[in-house]
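Inside the fold
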Amino acid sequence: MSADPGSLFGSLLRGCVSDRYLKIDRGLPLEDVAFLLLGICSSVVTTYLLSLAGILV
């Protein structure tokens, strides 16, 4: 590993930021839909539990 911060940042930038995801044909993004539904369900459950506890009116 180089002691130069600029080269370290440049290597991290090349490794972390990539156009590789554009080349992958994912079709329907099922993972994104699943996480969205999971977030909605957890929000509803949290609101319900907080209203049972009397915190939300």
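The numbers attached to residues start from 1 for each chain and follow its sequence in the written order. Since the coordinates come from a predicted model, pLDDT governs what is reported: local features require at least 70, and pairs of side-chain atoms require 80 or more to be given and counted, while whole-chain, interface and lining totals use all residues. Where side-chain values are given, they derive from all heavy atoms of the structure, hydrogens and water being excluded.

On to helix α3 (residues 30-52). The first and last C-alpha atoms of α3 sit 33 Å apart over 23 residues, in line with the 33 Å expected at 1.5 Å per residue. G54 lies just past α3 and shows a positive phi near 85 degrees. Only DSSP runs of H or I with at least four residues qualify as helices, and only runs of E with at least two residues qualify as strands; both kinds are numbered from the N terminus onward. Between the first and last residue of a helix there are one fewer steps than residues, each counted as 1.5 Å, and that sum is the expected span.

Patches were defined on residues exceeding 30% relative accessible area and lacking a salt bridge, with like-charge contacts within 9 Å and nonpolar side-chain contacts (Val, Leu, Ile, Met, Phe, Trp, Tyr) within 5 Å. To measure how exposed things are, a 1.4 Å probe is used in the Shrake-Rupley method; for residues, cover is taken only from the protein chains shown. Put simply, a salt bridge is a Lys or Arg side-chain nitrogen that is within 4 Å of an Asp or Glu carboxyl oxygen. Where nonpolar side chains cluster on the molecular surface, the patch consists of V33, L36, L37, I40 and V44 and spans about 450 Å² of accessible area. Summarising the element assignment, V44 is placed in helix α3.

Turning our attention to the confidence of the model for the chain. For the chain, per-residue confidence averages 80 on the pLDDT scale, and residues scoring 70 or more make up 68% of the total. Here helix α2 (residues 20-23) is the element of the chain with the lowest mean pLDDT, 61, and α3 is the one with the highest, 94. As a per-residue measure, pLDDT reflects the predictor's confidence and takes values from 0 up to 100.

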